[in-house]
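# Observations on the model geometry
Listed here are the chains, written in short residue letters.
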Amino acid sequence: MRLYLALALQALWTGVCQAAIQHYPAAWGHYDVCKSQIYSDEGLTWDYMACQPETADMTQYLKVMLDPPNITCGNPPETYCALENPYMCNNECDASTEELAHPPELMFDIEGRNPTTFWQSTSWKRYPKALLVNITLSWNKTIELTDDIVLTFESGRPEQMVLEKSLDYGRSWQPYQFYATDCLDAFTMEPKTVQDLTQHTLLDIICTEDYSRGYVWKYDKTVRFEIKDRFALFAGPQLHNMASLYGQLDTTKNLRDFFTITDLRIRLLRPATGATMVDENNLSRYFYAISDIKVQGRCKCNLHANSCVFDKEKLSCECEHNTTGPDCGRCKRNYQGRAWSAGSYLPIPKGTANICIPNNIGPVIRPNVSSLGVANRKEVAPQVALSTAPSVHVANRKRARVCDNELMRCQNGGVCISNVRCNCPSAYTGLLCEKPLCESELGGCRGASSGQRPLRPASSFVLLLLLGLALH
């Protein structure tokens, strides 16, 4: 009975301690925690993990620019006709009247309003000269896409369009996807769909005709760039195997860059004209109008931050792991003891933090991490007080003096070796020999006969619970 009680007490006490220390949730699929405090042979330490911000609606943080700048309707006021009925001309646009204006910010306002709000271009008054519009969305921050890009057109969907991306803040551009009613005629490309792609052809730039047919435009208003269908090539149709996707993103830079942007550009090349030829006598039927743009993603923080803040019209990662910069792309000052490296999704589910370490701190004493399979998971927390000695900051010292200084001395008969480590008696362990070795043994340190400090008494609630278990 005593043995049973001892085992039950140890198990319950361990669970209570872990619940108090580990404040992170049980699910790790989103890498949402950067570090947690744990106990190891060296005392209270940090367990560092790869982490990233939650996905969000990124359109609330962007700036939009139109080219040409005067392409928005309403100056001068203009009346438009319906594409399917050239005699129904009751759509007015007047930039000087709020109820009749259609400025670009209406591409990002709340959906579901009645009447629908939307941005609208001038009509195709200069036909046959092309009606060209560039809509540039800029974040001034590196963004990782996590869901489909969706454009909702209030008028007919364009007959020709290109979606482009930039990774260098708009200095250079590359196509994401081409859209046309006839891909061969418009772009000399064979039409394809995302379902035609494989893991090996995922990075191919395709032209699709799925979103440009104008015959049923009244019911099909959206144009998509399918992110999730591409994810599904690695994670399965329902994205259940995210481990496979994270593994691919971690090891294949080109794949990771494919879903990373700083800017998007929508190039509108030809408006919807319906099933017939262009009616040159009624060009007010032809224009572009967008009621909504959806861009879901997260700040790229190189797996060194789990939050991103928007301050002074700018997004920036709240960096952890002793990193800094808008994308946590470099080590903080005095934490350049080794070269900066991005965090890693592997091994799943916690990844590898690849933290920046202090400069010139001498030998770094780390717990045994062989059971984790990854080096650099745990580091001694430099700013957390040990159980029997005050904390000491060593980041700015030329050499760490772990023991035999005015603040930290070897305890319980330990001997300081070269000021950097304690040689402990066989019955003690820890950075300063402050922990009885028997604490890690089955049953812990029991009784005064051991000559070592006993476990802290359990609370009355725990004791009553164990008594109840024993009686059963």
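Residues numbered from 1 in each chain as written. Predicted model: local features only at pLDDT ≥ 70, side-chain atom pairs only at ≥ 80, totals over all residues. Heavy atoms only, no water.

### Brief notes about the sheet that holds strand 13 (residues 222-225)
Read across the sheet, 4 strands follow the order 7-15-9-13 without closing on themselves; strand pairing throughout is antiparallel. Every interior strand has two partners, whereas the edge strands, strand 7 (119-120) and strand 13, have only one. As judged from the 4 bridges shared by strand 9 (residues 149-153) and strand 13, these two strands associate in the antiparallel manner. Residue Ile 149 lies in a different strand from strand 13, and its bridge partner there is Phe 225. (Pairing = 2+ DSSP bridges. Helix = DSSP H or I, 4+ residues; strand = E, 2+ residues; numbered from the N terminus.)

### Details of the pairing of strand 18 (residues 314-317)
Residue alternation in strand 18 divides its side chains into a buried set, Leu 315 and Cys 317, and an unburied set, Lys 314 and Ser 316. Bridge count between strand 17 (residues 308-311) and strand 18: 4 bridges; the pairing is antiparallel. Paired with Val 309 across the two strands is Ser 316, which belongs to strand 18. From the end of strand 17 to the start of strand 18, which pair antiparallel, there are 2 residues, and Lys 312 there has a positive phi angle of about 55 degrees. (Buried < 20%, exposed > 50% of the residue type's maximum accessible area, 1.4 Å probe, protein only.)

### Some remarks on empty space enclosed by the protein
Rolled over the atoms, a probe with the dimensions of a water molecule shows which regions are left empty. On inspection of all chains with the given rule, the structure shows 1 cavity of 30 Å³ or more. Approximately 30 Å³ is the volume attributed to the largest cavity. Forming the boundary of the largest cavity are Ile 149, Val 150, Leu 151, Met 161, Leu 163, Tyr 179, Val 223, Arg 224 and Phe 225. Looking at the lining of the largest cavity residue by residue, the classes come out as 8 nonpolar, no polar and 1 charged. (1 Å grid on protein atoms, 1.4 Å probe; cavity = no way out; pocket = protein on both sides within 12 Å on 5 of 7 lines; lining within 4 Å. Points joined across faces, edges and corners; volume = space filled by probe spheres on them. Nonpolar A, V, L, I, M, F, W, Y, C, P; charged D, E, K, R; others polar.)

### Description of the pattern of salt bridges
Applying the stated criterion across every chain yields a total of 14 salt bridges. Among the salt bridges present, the one from Lys 221 reaches Glu 154, with a minimum N-O distance of 3.7 Å. Of this pair, Lys 221 sits in the loop between strand 12 (207-208) and strand 13 while Glu 154 is found in the loop between strand 9 and strand 10 (160-166), placing the two residues 67 residues apart along the sequence. A salt bridge links Arg 265 to Glu 164; its shortest N-O distance comes to 2.7 Å. Taken as a pair, Arg 265 in strand 14 (residues 260-270) and Glu 164 in strand 10 lie far apart in primary sequence, 101 residues in all. Residue Arg 265 shares its accessibility class with Glu 164, and that shared class is buried. (Salt bridge = Lys/Arg side-chain N within 4 Å of Asp/Glu carboxyl O.)

### A short note on the nonpolar core
Across soluble globular proteins, you tend to see nonpolar side chains buried next to one another. In terms of nonpolar packing, the biggest core is built from 59 residues, with Trp 119, Ile 135, Trp 139, Leu 264, Leu 268 and Ile 293 touching the most fellow members. The leading source of residues in this core is strand 8 (residues 133-145), at 6 residues. In contact with Ile 293, other than residues within four places in its own chain, are Thr 59, Met 107, Phe 108, Leu 137, Val 150, Leu 151 and Ile 266. Among the nonpolar cores identified, the runner-up in size contains 8 residues, and Phe 178, Ala 180, Phe 187 and Met 189 belong to it. (Core = buried A, V, L, I, M, F, W, Y, C linked by side-chain atoms within 4.5 Å. Contact = heavy atoms within 4.5 Å.)

### Let's talk about the packing of aromatic side chains
Evaluation of the coordinates by the stated rule reveals 14 aromatic pairs. Each ring, one from Tyr 31 and one from Tyr 246, has its centre 5.1 Å from the other, and the planes form 90 degrees; the classification is edge-to-face. Taken together, the residues Tyr 31 in the loop between helix 1 (2-21) and strand 1 (35-40) and Tyr 246 in helix 4 (residues 242-251) connect sequence positions 215 residues apart. Both residues of the pair, Tyr 31 and Tyr 246, belong to the buried class. For the ring pair Tyr 31 and Tyr 345, a centre distance of 5.1 Å and an interplane angle of 70 degrees mean the geometry is edge-to-face. Note that Tyr 31 is positioned in the loop between helix 1 and strand 1 and Tyr 345 in the loop between strand 20 (330-331) and strand 21 (378-380), a separation of 314 residues in sequence. Judged on exposure class, the residue Tyr 31 and its partner Tyr 345 are both buried. One aromatic cluster is present, formed by Tyr 176, Phe 225, Phe 231, Phe 258 and Phe 259 through successive ring pairs. Seen from the ring of Trp 173, Arg 265 lies directly overhead, with NZ or CZ sitting 4.3 Å from the centre. (Phe/Tyr/Trp six-rings, centres within 6.5 Å; stacked < 30°, edge-to-face > 60°. Lys NZ or Arg CZ within 6 Å of the ring centre and 35° of its normal.)

### With respect to the state of the cysteines
Inspection of every chain in the model, using the stated rule, returns 8 disulfides. The disulfide partner of Cys 299 is Cys 308, and the gap between their sulfur atoms is 2.1 Å. Its S-S torsion of approximately -80 degrees makes the covalent link between Cys 299 and Cys 308 left-handed. (Disulfide = S-S within 2.5 Å.)

### Quick notes on the confidence of the model for the protein chain
Scored by pLDDT, the protein chain has a mean of 79; 74% of the residues are at 70 or more. In the model of the protein chain, helix 6 (residues 460-471) stands out as the element of lowest mean pLDDT, 39, in contrast to strand 14, which has the highest, 98. Counting interchain partners and residues more than four positions distant, the pLDDT-below-50 stretch residues 3-9 has 9 contacts. Low pLDDT, under 50, characterises residues 362-400; the predicted model gives this stretch 90 contacts beyond four residues in sequence or across chains. (pLDDT = per-residue confidence, 0-100.)

### What about the side chain of Thr 273?
Inspection of the secondary structure puts Thr 273 in the loop between strand 14 and strand 15 (289-294). Side-chain polar atoms of Thr 273 contact the side chain of Glu 159, separated by 2.4 Å. Among residues more than four places away in sequence, those in contact with Thr 273 are Leu 83, Trp 124, Glu 159, Val 278 and Tyr 286. (Polar contact = N/O pair within 3.5 Å; in protein donor to acceptor, adjacent residues only side chain to side chain.)

### What about unusual backbone geometry?
In the segment running from Asp 67 into Pro 68, the intervening peptide bond is cis, with an omega of 5 degrees. On the secondary structure map, Pro 68 appears in the loop between strand 4 (63-67) and strand 5 (78-80). The omega torsion across Leu 346 and Pro 347 is -5 degrees, close enough to zero to call that bond cis. Mapped onto the elements, Pro 347 comes out in the loop between strand 20 and strand 21. Notably, Asn 302 is not glycine yet its phi reads approximately 60 degrees, a positive angle. As for its placement among the helices and strands, Asn 302 is situated in the loop between strand 16 (296-299) and strand 17. Positive phi is not limited to glycine here, since Asn 354 has a value of about 50 degrees. Topologically, Asn 354 is positioned in the loop between strand 20 and strand 21.

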